[in-house]
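# Commentary on secondary and tertiary structure
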Amino acid sequence: MSRWESLLAVQGHDTRADQLAHRLETLAVRSQLAGVADQVEAVDRKLAVVDERRGELSRSQVRLEDEIASLGERANQAEKQLYSGSVSNPRELQALQDDVASIRRRISQIEDDELEIMELAEPVDAERDSLAAERARLDADGQRLTGELAEAEAEIATELAAVRRERDAVAADVPDELWAEYDALRSQLGGVAVARLVGSTCQGCHLALSAVELDRIRKLGVDELVHCEECGRLLVRD
Ligand SMILES: [Zn+2]
């Protein structure tokens, strides 16, 4: 292979490596994963609101149950006294009976309040269940996509390593003095520094060179650097 053909081969491998790097950056699964992460965040925000609401209801319920328990205790003691025979004064007995009845009424009211809270909690629990199910579904999606991403990344990395090995092998045949020019042109011209001249057409920009330029090129020695007059790339002549 001539130095020019070797440089052209290096260009081919570099272009391939650039494409692989671009594919790696723009893998669709990566943006899908980001989408799932956004959805997880949104669900978690809703879950936090629902949990807070559920917590308030639970605390209210506990408060009412504590109140019922202590009122129940008071009613039991009043009843015990009532039936113990220790109180014989009819007025005192009546007062005790009224006290027990009033406590029992209060308990019954609080029990109604508690029922109301339990009813309020039902839709909140249902919403929490549905959010938790959505969260689990998103977690599963995230895991699947993470696996797919790792697989795609590994595949590209393997291919990239092979391309680099082939590039390095062929790069050994390129004279050192060509590299500075090659690297500079590559960074200026979208990664493509060298192109073949086919007939009168540069394969880098696909424009035809003038007859005068073609004539000039034809007279140059094979080792001379020739640039496309249109795009500035190094031309590989047959
Ligand atoms: Zn050109």
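Whatever comes next refers back to the structure up there.
For the structure given in this document, a descriptive report is provided here. All values derive from a computational prediction rather than experimental measurement.

So, about the coordination of the zinc ion. Protein-derived coordination of the zinc ion comes from Cys202 (SG), Cys205 (SG), Cys228 (SG) and Cys231 (SG), at a distance range of 2.2 to 2.3 Å. For the zinc ion, the four donor atoms in the first shell make angles of 105 to 114° at the metal, a pattern classed as tetrahedral. Written as a sequence motif, the donor residues of the zinc ion are C-x2-C-x22-C-x2-C. One end of the pair, Cys205, is in the loop between β2 (201–202) and α5 (211–218); the other, Cys228, is in the loop between α5 and β3 (234–236), and 23 residues separate them in sequence. The class for Cys228 is buried, based on a relative accessible area of 4%.

Next up on the list: the layout of surface pockets. Of the volumes computed, that of the largest pocket is approximately 190 Å³. It is α5 that contributes the most residues to the lining of the largest pocket, three residues altogether.

Between helix α2 (residues 28–84) and helix α3 (residues 90–171), the least distance of the axes is 6 Å, while the angle of their chain directions is 160°. Taken together, the axes of α2 and α3 are roughly antiparallel relative to one another. With respect to the hand of their crossing, α2 and α3 are arranged in left-handed fashion. Looking at the contact of α2 with α3 residue by residue, the class counts come to 30 nonpolar, ten polar and 25 charged.

For α5, every residue scored as buried is listed here: Glu213, Leu214 and Ile217. Axial view of α5: buried residues confined to an arc of 100°, hence all on one face. Away from the buried face of α5 by more than 90 degrees, exposed residues Ala211, Val212 and Arg218 are located. Residues of α5 that are buried sit in contact with β1 (194–198) and β3.

With three bridges connecting them, β1 and β3 associate as parallel partners. Bridge pairing links Ala195 to Leu235 in β3. As paired elements, β1 and β2 share two bridges and run antiparallel to each other. Each bridged residue has a counterpart across the sheet, and for Leu197 the counterpart in β2 is Cys202. Two successive antiparallel strands, β1 and β2, enclose a turn made up of two residues, where Gly199 displays a positive phi of approximately 65°.

Glancing now at helix α1 (residues 3–25). Under the 1.5 Å per step criterion, the end-to-end length of α1 is 33 Å for 23 residues, consistent within 8% with the ideal 33 Å. The set of residues buried in α1 consists of Trp4, Ser6, Leu7, Leu8, Val10, Gln11, His13, Asp14, Ala17 and Leu20. Those residues of α1 that are buried are in contact with α3, α4 (179–188), β1 and β3.

Definitions and limits used
- Residues numbered from 1 in each chain as written.
- Predicted model: local features only at pLDDT ≥ 70, side-chain atom pairs only at ≥ 80, totals over all residues.
- Heavy atoms only, no water.
- Donors = N, O, S within 2.8 Å, 3.2 Å for Na, K, Ca; no water.
- Tetrahedral: all angles 85-135°; square planar, octahedral: opposite > 155°, others 65-115°.
- Helix = DSSP H or I, 4+ residues; strand = E, 2+ residues; numbered from the N terminus.
- Buried < 20%, exposed > 50% of the residue type's maximum accessible area, 1.4 Å probe, protein only.
- 1 Å grid on protein atoms, 1.4 Å probe; cavity = no way out; pocket = protein on both sides within 12 Å on 5 of 7 lines; lining within 4 Å.
- Points joined across faces, edges and corners; volume = space filled by probe spheres on them.
- Axes fitted to C-alpha atoms, helices over the stretch in contact; angles between N-to-C directions.
- Parallel < 35°, antiparallel > 145°, perpendicular 65-115°, else oblique.
- Left-handed = near helix turned anticlockwise from the far one by under 90°.
- Nonpolar A, V, L, I, M, F, W, Y, C, P; charged D, E, K, R; others polar.
- Arc of directions from axis to C-beta.
- Contact = heavy atoms within 4.5 Å.
- Pairing = 2+ DSSP bridges.
- Expected span 1.5 Å × (residues − 1).

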